[in-house]
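# Report on the structure
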Amino acid sequence: MSSYIRIIYDRLDFIEFKQNLILLKQPQHKASVFYKLTLDDFIKIRDLTFEFESQIKSGITSSISDYESKLFEICPLIKSYPSSSTLIAKVLMSEDIFTTLFSSLN
């Protein structure tokens, strides 16, 4: 795949990511913190999330705190949003992996 097409796909994924964050966020919370996310931040977050999915699928034990700490390293700004790691994971992860990772919260 050419780099130009890859950029277009990344931008489309980024737009869809932001749209889903707005749709899934709690009504009382403002999502302005996510407005400041850049495409580069999103790509790093997406890669981290896919890496966590792969680890869980392969049987490696991963915890919510591991995911959150790495997520906040990538983008410290989102730490100020309540349940940001849960919201981001819900948008990017498959439902079964999300349930496995966050089952202790339910």
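Notes on the structure in this doc start here. (Residues numbered from 1 in each chain as written. Predicted model: local features only at pLDDT ≥ 70, side-chain atom pairs only at ≥ 80, totals over all residues. Heavy atoms only, no water.)

By the definition in use, this model includes 3 salt bridges. Between aspartate 10 and arginine 46 there is a salt bridge whose closest N-O contact spans 3.0 Å. Here aspartate 10 is found in helix α1 (residues 3-24), whereas its partner arginine 46 is found in helix α3 (residues 39-57), with 36 residues between them in sequence. The same class applies to aspartate 10 as to arginine 46, namely buried. Each of Arg6, Asp10, Asp13 and Arg46 takes part in salt bridges that share partners, so that together they form one network. (Salt bridge = Lys/Arg side-chain N within 4 Å of Asp/Glu carboxyl O. Helix = DSSP H or I, 4+ residues; strand = E, 2+ residues; numbered from the N terminus. Buried < 20%, exposed > 50% of the residue type's maximum accessible area, 1.4 Å probe, protein only.)

On to α3. Side chains that are three or four residues apart share a direction in an α-helix, a result of its 3.6 residues per turn. Between the first and last C-alpha of α3 there are 27 Å, a value that for 19 residues agrees with the 27 Å anticipated at 1.5 Å per step. Buried residues of α3: Leu39, Asp41, Phe42, Ile45, Arg46, Leu48, Thr49, Phe52, Glu53, Gln55 and Ile56, and no others. Buried positions along α3 lie against α1, α4 (64-74), α5 (84-92) and α6 (95-101). Glycine 59 occupies a position one or two residues after α3 and carries a positive phi of about 95 degrees. (Expected span 1.5 Å × (residues − 1). Contact = heavy atoms within 4.5 Å.)

So, on to the packing of aromatic side chains. Here the structure, examined in full by the defined rule, presents 4 aromatic pairs. An angle of 40 degrees between the planes, with centres 5.5 Å apart, marks the rings of phenylalanine 14 and phenylalanine 42 as tilted. Of this pair, phenylalanine 14 sits in helix α1 while phenylalanine 42 is found in helix α3, placing the two residues 28 residues apart along the sequence. Here the two residues phenylalanine 14 and phenylalanine 42 agree in accessibility, since each one is buried. Cluster of aromatic residues (ring-pair linked, three or more members): Phe14, Phe17 and Phe42. (Phe/Tyr/Trp six-rings, centres within 6.5 Å; stacked < 30°, edge-to-face > 60°.)

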